[in-house]
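Close look at the chain arrangement
Now for the letters of each chain:
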Amino acid sequence: MGSVPADEVLGGSAARRNPLVRWLADRPVRAKLLLALGVLAIVAVTVGVVGLRSLSETNADSQHLYNENVLSLVALARVQHATAENQALVTGHASARDTATRSQYEARIQESDAEVVEWGQAYEEAGPEDEAVWNQFQSTWTKWQQYRDSTLLPLSRANRSAEFDTALHGTADELAEEATSALEEIEEYDVALAKETADKAEHSYREARVVMITLLIVGLLVAGVLGVVITQLIVAPLRRVSATLEAMARGDLTRSADVHSRDEVGQMAAALGRAQEGVRQAIGALAGSADTLAGSAEELANVSQQIAASAEDASAQAGVVSEASGEVSRNVQTVAAGSEEMGSAIR
């Protein structure tokens, strides 16, 4: 039979020793191929699910970053701008020397108040992260507006510059500084939260990337090993069946495929073994018939020799009879001649 190649060991003795490999070897070829494809599909689905989950988390973090942090910071910045502009308009109101200009400043102050309210509502809709500080700002800003309307603007309209400057740099500045500090504290808090959300998104991305790469590598390794095992379980028995057929074509009926699986290849190898056994039996029967024919031919040769000997004896006896017949013929001729002479004498 010769030595078995190394790549056929998996389909031979190793498959008989390992229960798992033996179970796999007994599955139909279609089942083996579907199993390999199934493993690849599971790997793809798992990686896809992990990727989609990571994308979902990243999208949620991005939406949160936009809705809760970016929008709130934009609204907060507009509130800061409006409050600073409001304070600057009050100072401009005090510098105006005519009633028309002061009226313009007062209109712009009202517009600035409306902007503070508008962007404050936008900030609240985005969801203030530190409500206590935000409430503190609103309370302080309301006090500043009340002080502005009750003290600063009346002093400005009355051109009482000294008293205006004292009020502006006293209570007004204290309230404005308190409001600005509250806004800055809220800004720092929101920026920190935005940084935390961004860091969380980056962490989720890195974690998902590691998981996906790990799953992909492990899955491909498992699929690769399974593919190699299944390939050997199919190819190795086919090679042994092919080698057996080649040996059979050369007239060697002693080589066996040695395939013990119960799949299509194993059934083909079993059918080949039965065919070899049938051919061996037929050749054995043919050899027995040839021996019988050889004995009969030998007996026929002996009979032929005996017939030839009998024919030779018959031929010899025929020669003797022929010589005797010639002698009789000569004697008859002699008697005829004597009879003729006797007749002449009688006459």
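Refer to the structure above for everything that follows.
Note that this is a predicted model, so its numbers are computed, not measured.

**What to know about the overall build of the protein chain**
Scanning the protein chain for helices and strands turns up seven helices and zero strands. Starting at the N terminus and walking to the C terminus, you meet the elements of the protein chain as α-α-α-α-α-α-α. In the protein chain, which comprises 347 residues, the proportion classed as buried is 28%. Intrachain contacts of the protein chain at a sequence separation of at least 6 include 77% that bridge at least 24 residues. Total accessible area computed for the protein chain in this model is approximately 21,500 Å², and 59% of it derives from carbon and sulfur atoms.

**Some points on the nonpolar core**
In terms of nonpolar packing, the biggest core is built from 29 residues, with Trp-134, Phe-137, Trp-144, Leu-152 and Phe-164 touching the most fellow members. For this core, the elements supplying multiple residues, two or more each, are helix H3 (29-95), helix H4 (99-126), helix H5 (131-157) and helix H6 (161-249). The biggest single contributor to this core is H6, with 10 residues. Residue contacts for Phe-137: discarding those within four places in its chain leaves Val-79, Thr-83, Ala-179, Ala-182 and Leu-183. Within the second largest apolar cluster, eight residues are counted, among which are Ala-223, Leu-226, Ile-230 and Ile-234.

**What about the environment of Leu-183?**
With respect to the helices and strands, the residue Leu-183 is situated in helix H6. With relative accessibility at 2%, the residue Leu-183 sits in the buried group. As a C-alpha pair, Leu-183 and Trp-134 span 49 residues in sequence and 7.5 Å in three-dimensional space. Those residues in contact with Leu-183 that lie beyond four places of it in its chain are Leu-76, Val-79, Gln-80, Thr-83, Trp-134 and Phe-137.

**Focus: the side chain of Asn-86**
Its place among the elements puts Asn-86 in helix H3. For Asn-86, a relative accessible area of 0% gives the class buried. Within the structure, the side chain of Asn-86 is placed 2.9 Å from the side chain of Arg-148, a separation counted as a polar contact. Dropping the residues within four chain positions of it, Asn-86 is found in contact with Ile-109, Ser-112, Asp-113, Trp-141, Trp-144 and Arg-148.

**Concerning unusual backbone geometry**
Located in the positive-phi region is Asn-159, a residue other than glycine, with phi close to 55 degrees. Tracing the sequence through the fold places Asn-159 in the loop between H5 and H6.

**A closer look at a negative patch on the surface**
Taken together, the side chains of Asp-173, Glu-174, Glu-177 and Glu-178 make up a negatively charged region of the molecular surface. Secondary-structure assignment places Glu-174 in helix H6. We classify Glu-174 as exposed; its relative accessible area is 57%.

**So, the packing of aromatic side chains**
Summed over all chains, the structure comprises four aromatic pairs. Aromatic side chains Phe-137 and Trp-141 sit 6.5 Å apart centroid to centroid with 15 degrees between the ring planes, which places their arrangement in the stacked category. Of the two residues, Phe-137 and Trp-141 are both situated in helix H5; the distance of four residues between them amounts to about one turn of the helix. Comparing Phe-137 with Trp-141 shows no difference in burial state: the two are buried. Plain terms: the ring middles of Trp-141 and Trp-144 are 5.0 Å apart, the flat faces sit at 5 degrees to each other, and that makes the pair stacked. Placement of the pair is Trp-141 and Trp-144 together in helix H5, with a separation of three residues, close to one helical turn. Judged by its relative accessible area of 4%, Trp-141 is buried. Exposure remark for Trp-144: the relative accessible area of 2% places this residue in the buried category. These aromatic residues form a ring-pair network of at least three members: Tyr-123, Trp-134, Phe-137, Trp-141 and Trp-144.

**Thoughts on the side chain of Thr-83**
Within the secondary structure, Thr-83 is located in helix H3. For Thr-83, the contacting residues outside a window of four places in its chain are Val-116, Phe-137, Trp-141 and Leu-183.

**Observations regarding H6**
Taking 1.5 Å of rise per residue, the 89 residues of H6 would be expected to cover 132 Å, and the 123 Å separating its terminal C-alpha atoms lies within 8% of that figure. Its axis deflected by about 45 degrees at Asp-173, H6 carries its strongest bend there. Once H6 finishes, Gly-251 follows within two positions and takes phi at roughly 100 degrees, a positive value.

Reading the values: rules and limits
Residues numbered from 1 in each chain as written. Predicted model: local features only at pLDDT ≥ 70, side-chain atom pairs only at ≥ 80, totals over all residues. Heavy atoms only, no water. Helix = DSSP H or I, 4+ residues; strand = E, 2+ residues; numbered from the N terminus. Buried < 20%, exposed > 50% of the residue type's maximum accessible area, 1.4 Å probe, protein only. Contact = heavy atoms within 4.5 Å. Areas by Shrake-Rupley, 256 points an atom, 1.4 Å probe, with all protein chains shown as cover. Core = buried A, V, L, I, M, F, W, Y, C linked by side-chain atoms within 4.5 Å. Polar contact = N/O pair within 3.5 Å; in protein donor to acceptor, adjacent residues only side chain to side chain. Patch = residues over 30% accessible without salt bridge, like charges linked within 9 Å, V, L, I, M, F, W, Y side chains within 5 Å. Salt bridge = Lys/Arg side-chain N within 4 Å of Asp/Glu carboxyl O. Lys, Arg positive; Asp, Glu negative; His and termini not counted. Charge placed at Lys NZ, Arg CZ, Asp CG, Glu CD. Phe/Tyr/Trp six-rings, centres within 6.5 Å; stacked < 30°, edge-to-face > 60°. Expected span 1.5 Å × (residues − 1). Bend = angle between axes of the 7 residues up to and from the residue.

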